Amino acid sequence: MMNVLNRIAPLPAQKLLLGISLFFWCGTMHLYWQNNGGSGLSLPLNIMSWIYAVVLAAGASVLVPRQRWRITVPATGFTMGALILTLLCLLTPGVWQFEALLVAGALLGGVIVYLVAVQIPLAARSLTALLALLWGASAIECLAFVYQYWHLPGVEYWEFAWRRGTRPYGIFQQVNLLASFTACGVLLSVPLFLRLRDGYRIVIGMGLVLMGFVLHESQSQTGYLSVAVGEALLLLVFPAQRRTLLLLLLPLALGMATGAAARHFLSVATVDHLTTSHVRWTVLKTSLALFAERPWTGWGVGSFAAVFLERAGPLGLSSISHPHNELVLWLVEDGLVGLAGGLCFIASGFWLWLRGNRWRRACLVAALPVVIHMLTEYPVRQSTPHWLLLILLLRCADSPLKGVCMTLTSTSLIRGLALISFLVFTPLLLLSLRTQQQLTLAERQSAQWRLAEQLPVGGWLLATRYRFDVQMGYLQRYQRTRDARWLEAVRRWAPDYVRIHPDPNVSFTQILLALQQRDQVEAHRLAMRFYQAYPNDRRIPWLQDARRPFNQNME
């Protein structure tokens, strides 16, 4: 085994890259941890992904040769884009500052991983091995999907996926995330099939059948679009192998046909995308109107959910946290300056395409589903595995031999940042994972009253969620003791919270607290605002009841 690894990865940094990537992409990434949903660091998968990123960046920065590092033109563009967006994060108004800092951390962390990865030479064998690991991660998730789809024994391991009537989603807990991840695997199958021989090709063909089944049964427009565009581009990248590429569509089609048959015999419901498409169009129009109001500075990073609610609440769109388009999100939150930062990333991607050979272009095509996901679904930072997958595939498309040498000072600075990140963030992320598990358990047992009021070290990266649970604990303490000071604490906290994270449950609780404290004027004001922001909420009839003392002018 070691002899094989030495042939594939003769350099220490290469061994680290492949070894830790094997451990993460084909191992720990697929382990399920208890959680209550959400995104960002509320999901254990994202925390584990950042631990992988920190260890990779720090370890590789130590093991690469101690000489001046090279920085390529794309790496320069990515760095400039990240710095522009980070500066905008730092200039965000104080009310959204914490959320903006998390965004800045995700951007800078990704760029540091990229800069370090560029320093690791990827010869033909090591490049193929890394692509195979990423393909294997997609195949493993497809196996998880099939297991969930057929509701096989032990499917309750994933907690949420065993419920019939829901589309499985592997480890991601969101079906479009799984679809885009699977689409990456489909597109990676082509360069791997062309680079490998014999039994490996049989495995790839079987994997394509599996991936075709998952794409069909995930019923994700994002997945369909990614594969269609990606396959068309691959036909342009490999014109001499078009016959082979067309033949590779047969196992993919076989998997889709199998999915269609399974859906028919199992009477699985077909998802209606027409309604969601109409909603997305409305969200886009409203977002562009918000951009037009502040075209230069935007509203501030992390502000979208709040400002969108003020504009679109009366339309019934009361729970939109992002516009399903990364560029539009930056336009709304940071105006044209934010768009300039995003364009730095796009321009760097085009540079890679124009200067790359067919294998490097194939890596870019494999990254396309993540980009399409960014433009049609979640911001990429909300799913760290997708963010890191994009970074690694971009690295595979880059060539450090074409870069210019950095100064020794710059090289030392990046090394130092990577090492400091390892020493600081690895234990912090591990503590965050522990705290996340504690919060999940407390939420499920309705035992938030047991949480310490002081924010622990492991709660720094989960501060918003931790403080929310502490406030819910105050309500539980009031129910046990009838001590009004707990209600007063929640009443002071709630206005700032809903400004950052609009939540109809918290807003409704504000009304009840005002009634409890016999503040009829405030209750009426809050009820009016609730009625305007959440017109479709099932509690509106209660607010409009004539027996309520504060609702005489609700109509």
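Refer to the structure printed above.
Okay, so let's go over this structure. All figures in this text were calculated on a predicted structure; none of them were measured in a lab.

The rules we used
- Residues numbered from 1 in each chain as written.
- Predicted model: local features only at pLDDT ≥ 70, side-chain atom pairs only at ≥ 80, totals over all residues.
- Heavy atoms only, no water.
- Axes fitted to C-alpha atoms, helices over the stretch in contact; angles between N-to-C directions.
- Helix = DSSP H or I, 4+ residues; strand = E, 2+ residues; numbered from the N terminus.
- Parallel < 35°, antiparallel > 145°, perpendicular 65-115°, else oblique.
- Left-handed = near helix turned anticlockwise from the far one by under 90°.
- Contact = heavy atoms within 4.5 Å.
- Nonpolar A, V, L, I, M, F, W, Y, C, P; charged D, E, K, R; others polar.
- Phe/Tyr/Trp six-rings, centres within 6.5 Å; stacked < 30°, edge-to-face > 60°.
- Buried < 20%, exposed > 50% of the residue type's maximum accessible area, 1.4 Å probe, protein only.
- Lys NZ or Arg CZ within 6 Å of the ring centre and 35° of its normal.
- Patch = residues over 30% accessible without salt bridge, like charges linked within 9 Å, V, L, I, M, F, W, Y side chains within 5 Å.
- Areas by Shrake-Rupley, 256 points an atom, 1.4 Å probe, with all protein chains shown as cover.
- Salt bridge = Lys/Arg side-chain N within 4 Å of Asp/Glu carboxyl O.
- Core = buried A, V, L, I, M, F, W, Y, C linked by side-chain atoms within 4.5 Å.
- Expected span 1.5 Å × (residues − 1).

Description of the packing of helix H6 (residues 124-149) against helix H8 (residues 199-218)
Then step 1. For the pair H6 and H8, interaxial distance at closest approach is 9 Å and the crossing angle is 50°. Put simply, H6 runs oblique to H8. The chirality of how H6 crosses H8 is left-handed. Across the interface between the two elements, Trp135, Ser138, Ala139, Cys142, Leu143, Phe145, Val146 and Tyr149 from H6 touch Val203, Ile204, Gly207, Leu210, Met211, Phe213, Val214, Glu217 and Ser218 from H8.
Then step 2. Looking at the contact of H6 with H8 residue by residue, the class counts come to 13 nonpolar, 3 polar and 1 charged.

What to know about the packing of aromatic side chains
Then step 1. With the rule as written, the count across this model stands at 23 aromatic pairs.
Then step 2. With centroids separated by 5.0 Å and ring planes inclined at 85°, the aromatic side chains of phenylalanine 78 and tyrosine 114 adopt a geometry described as edge-to-face. Taken together, the positions of phenylalanine 78 in helix H4 (residues 73-90) and tyrosine 114 in helix H5 (residues 97-118) put the pair 36 residues apart, joining distant regions of the chain.
Then step 3. Judged by its relative accessible area of 3%, tyrosine 114 is buried.
Then step 4. Each ring, one from tyrosine 149 and one from tryptophan 150, has its centre 5.5 Å from the other, and the planes form 75°; the classification is edge-to-face.
Then step 5. For tryptophan 150, a relative accessible area of 39% puts it in the partly exposed group.
Then step 6. One Lys or Arg, arginine 485, reaches over the ring of tryptophan 486 and ends 4.3 Å from the middle of that ring.
Then step 7. Above the ring of phenylalanine 508, the side-chain terminus of arginine 539 is found at 4.7 Å from the ring centroid.

Brief notes about the packing of helix H9 (residues 221-237) against helix H10 (residues 242-266)
Two quantities define a packed helix pair, namely the angle between the helix axes and the distance between the axes.
Then step 1. Here H9 crosses H10 at 165°, and the two axes come no closer than 10 Å. Regarding the angle of H9 to H10, the classification is roughly antiparallel. Considering the relative orientation of H9 and H10, their crossing is left-handed. Two secondary-structure elements touch here, H9 through Tyr224, Val227, Glu231, Leu234, Leu235 and Leu236 and H10 through Arg242, Leu245, Leu246, Leu249, Leu252 and Arg263.
Then step 2. Among the residues forming the contact of H9 with H10, the class breakdown is 9 nonpolar, no polar and 3 charged.

Some thoughts on a nonpolar patch on the surface
Then step 1. Taken together, the side chains of Tyr147, Trp150, Leu152, Leu266 and Val268 make up a nonpolar region of the molecular surface, amounting to roughly 400 Å² of accessible area.
Then step 2. With respect to the secondary-structure elements, leucine 152 resides in the loop between H6 and helix H7 (175-195).
Then step 3. Taking relative accessible area as the criterion, leucine 152 reaches 34% and is therefore assigned partly exposed.

Focus on the nonpolar core
Then step 1. The biggest cluster of nonpolar side chains holds 111 residues, and the ones touching the most others in it are Trp25 and Phe238.
Then step 2. Among the elements that make up this core, the one with the highest residue count is H6 (14 residues).
Then step 3. Look past the residues within four positions of tryptophan 25 in its chain and what remains in contact with it is His30, Tyr52, Leu133, Leu134, Ala137, Phe181, Pro385, Leu388, Leu389 and Leu392.
Then step 4. Ranked by size, the runner-up nonpolar core spans 19 residues in total, among them Leu439, Met472, Tyr478 and Ala489.

Brief notes about the environment of isoleucine 320
Then step 1. By the element assignment, isoleucine 320 lies in the loop between helix H12 (304-312) and helix H13 (326-355).
Then step 2. With relative accessibility at 15%, the residue isoleucine 320 sits in the buried group.

What to know about the side chain of arginine 477
Then step 1. Its place among the elements puts arginine 477 in helix H17 (residues 463-481).
Then step 2. Among the residues examined, arginine 477 registers a relative accessible area of 18% and is labelled buried.
Then step 3. Sequence-distant contacts of arginine 477, defined by excluding residues within four places in its chain, comprise Trp449, Leu451, Glu453, Arg482 and Trp486.

Focus on H17
Then step 1. Across its 19 residues, H17 extends 26 Å between first and last C-alpha, which sits within 8% of the 27 Å expected from 1.5 Å per residue.
Then step 2. Looking one or two residues past H17, arginine 482 carries a phi angle of roughly 60°, positive in sign.

Description of the pattern of salt bridges
Then step 1. Enumeration over the complete set of coordinates arrives at 9 salt bridges.
Then step 2. A salt bridge links glutamate 159 to arginine 444; the shortest N-O distance between them is 2.6 Å. On the criterion of sequence distance, the pair formed by glutamate 159 in the loop between H6 and H7 and arginine 444 in helix H16 (residues 408-444) is long-range, its members being 285 residues apart.
Then step 3. Classification of arginine 444 by relative accessible area gives partly exposed; the value is 35%.
Then step 4. A salt bridge links arginine 525 to glutamate 522, with the shortest nitrogen-to-oxygen separation between them at 2.7 Å. With arginine 525 and glutamate 522 both in helix H20 (residues 520-533), this residue pair falls 3 residues apart, about one helical turn.
Then step 5. By relative accessible area, which is 22% here, glutamate 522 ends up partly exposed.

Worth remembering: the numbers are spatial, not functional.
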